[in-house]
Structure formats: structure tokens, C-alpha cells
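# Topology and contacts: notes
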Amino acid sequence: MSTESVTVGVISDTHGLVRPQALAALAGADMIVHAGDIGAPEVLDALAAIAPVTAVRGNVDREPWAQAVPETTAVEVGGVWLYLLHDLGRLDLDPAGSFDAVITGHSHQPAARERDGVLYFNPGSAGPKRFRLPVCVGRLTIAGGRICSEIIELAV
């Protein structure tokens, strides 16, 4: 287990929109994960200018470029395992014992809760404002095998 702190920027539901506020909030991350509904490959390019990106595609990612983006993926960072998928309702495995966190999007509603030792984290939407939901990104700080999560509401 690593004792050094690692910061993971978490973003979802950009729907093709790259907000300067989101890029500023993610600056300094060691890695960025995008939980789907990317909307355009330029979104991933802008994020990759900040840090290495791991992404999954969402239900709106249907263009040919998106076929190279997996529907789910797992990544080890800072001694913990993250499982990424867009829609938590499509989770088809029990993450307890295998993963430390499940990162999702889809609902546009930011949430962080723990169940059975697994963090379920949705950063909310960083894309076009929808209803009265906030525009957000997230941050995970990983150290000593533990994950601290934060939702960052963007001023838009």
C-alpha cells in the first residue's frame, strides 16, 4: 500500500462541453477519470492536457470515435482499485472485496456514499446545466489505502 497521496479528478456527463471552471478544478490531479457521456473526443483531449485520463462511454457516446472507449473499466491507483461505469443501474457485479470504489455518472446528481466497504461516487454533471442540479466535478484523495472524496460545485 502506498503512503504517498494521489489525487484523482473525477468528471462525468460533459456532453461535449469543456468548462474552463471544470479544467481549473481538475488542475493538479495526478489522474482524471471520466464516467461517461463524454460527448466529443475534444473533451478527452482537454482533460489529457492536465493529467492521464481513463474514461468509459455513456449512453450518449454513440459516434464512431466512442467505440474505442470501453463501457466499463477498472484501474488501480495509489494502492486502491476503482471500477468505472456510466450508469450505476447497470452494475452487474458485486464490488465488495474486489474494488474500493465504484465511479459512475448518468444521474447528473452528485453523491458519495459507502456501502459494504465500497465508496460509490458520482461527481454529478460538468456539462450543460440541467434542471436545478448543480454543475460539479469530484476529487478523490488516496493515501495509505484510504479514499477521501470531495464534490466540487462549479460557479457557472
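Below is a short write-up of the structure.

Cut-offs and rules
Residues numbered from 1 in each chain as written. Predicted model: local features only at pLDDT ≥ 70, side-chain atom pairs only at ≥ 80, totals over all residues. Heavy atoms only, no water. Phe/Tyr/Trp six-rings, centres within 6.5 Å; stacked < 30°, edge-to-face > 60°. Lys NZ or Arg CZ within 6 Å of the ring centre and 35° of its normal. Buried < 20%, exposed > 50% of the residue type's maximum accessible area, 1.4 Å probe, protein only. Helix = DSSP H or I, 4+ residues; strand = E, 2+ residues; numbered from the N terminus. Arc of directions from axis to C-beta. Contact = heavy atoms within 4.5 Å. Pairing = 2+ DSSP bridges. Axes fitted to C-alpha atoms, helices over the stretch in contact; angles between N-to-C directions. Polar contact = N/O pair within 3.5 Å; in protein donor to acceptor, adjacent residues only side chain to side chain. 1 Å grid on protein atoms, 1.4 Å probe; cavity = no way out; pocket = protein on both sides within 12 Å on 5 of 7 lines; lining within 4 Å. Points joined across faces, edges and corners; volume = space filled by probe spheres on them. Nonpolar A, V, L, I, M, F, W, Y, C, P; charged D, E, K, R; others polar.

## Observations concerning the packing of aromatic side chains
This structure, assessed with the given rule, holds one aromatic pair. The lysine or arginine in question, Arg-113, covers the ring of Tyr-120, its NZ or CZ lying 5.0 Å from the ring centre. One residue, Arg-115, lies across the ring of Tyr-120, its end atom 4.5 Å from the ring centre.

## Topic: helix H2 (residues 41-48)
Taken together, the buried positions of H2 are occupied by Val-43, Leu-44 and Leu-47. Mapping the buried residues of H2 onto a view down its axis gives an arc of 95 degrees, with all of them on the same face. For H2, exposure combined with an orientation more than 90 degrees from the buried face picks out Glu-42 and Asp-45. Lining the buried residues of H2 we find strand E1 (6-11), helix H1 (20-26), strand E2 (31-34) and strand E3 (53-55).

## Some remarks on the sheet that holds strand E9 (residues 136-143)
The mixed open sheet is built from five strands, whose spatial order is E3-E2-E1-E9-E10. Whereas interior strands pair on both sides, the edge strands pair on one side only; in this sheet they are E3 and strand E10 (146-153). Between one strand and the next, the sheet's axes are offset by a mean angle of 20 degrees, whatever the strand orientation. Across three bridges, E2 lies against E3 in parallel orientation. Across the sheet, His-34 pairs through a bridge with Ala-55, a residue of E3.

## Some words on the side chain of Ser-12
Mapped onto the elements of the fold, Ser-12 is located in the loop between E1 and H1. Ser-12 gets classed as buried once you look at its relative accessible area, which sits at 0%. A polar side-chain atom of Ser-12 sits 2.7 Å from a polar atom in the side chain of Asp-13. With sequence-adjacent residues up to four places away left out, Ser-12 is seen in contact with His-34, Ala-35, Gly-36, His-86, Thr-104, Gly-105, His-106, Pro-123, Gly-124, Ser-125, Ala-126 and Gly-127.

## Quick notes on the sheet that holds strand E7 (residues 111-115)
Strand order in the open sheet formed by five strands is E4-E5-E6-E8-E7, with mixed pairing between adjacent strands. Single-partner strands in this sheet number two, and they are strand E4 (72-77) and E7. This sheet shows a mean twist of 20 degrees between the axes of neighbouring strands, independent of strand direction.

## Points about the layout of surface pockets
Here the largest pocket defines a volume of roughly 250 Å³. What lines the largest pocket is Arg-57, Gly-58, Asn-59, Glu-71, Thr-72, Tyr-83, Leu-85, His-86, Asp-87, Arg-90, Asp-92 and His-106. Its residues assigned to classes, the lining of the largest pocket comprises two nonpolar, five polar and five charged. Considered as a void within the structure, the second largest pocket measures approximately 160 Å³ in volume. Every residue along the wall of the second largest pocket is listed here: Asp-100, Glu-114, Gly-117, Leu-119, Gly-145, Arg-146, Ile-147 and Ser-149. Of the residues forming the lining of the second largest pocket, the biggest block, three residues, is contributed by E10. Partitioning the lining of the second largest pocket into residue classes produces two nonpolar, three polar and three charged.

Any functional reading would require information that these geometric values do not contain.
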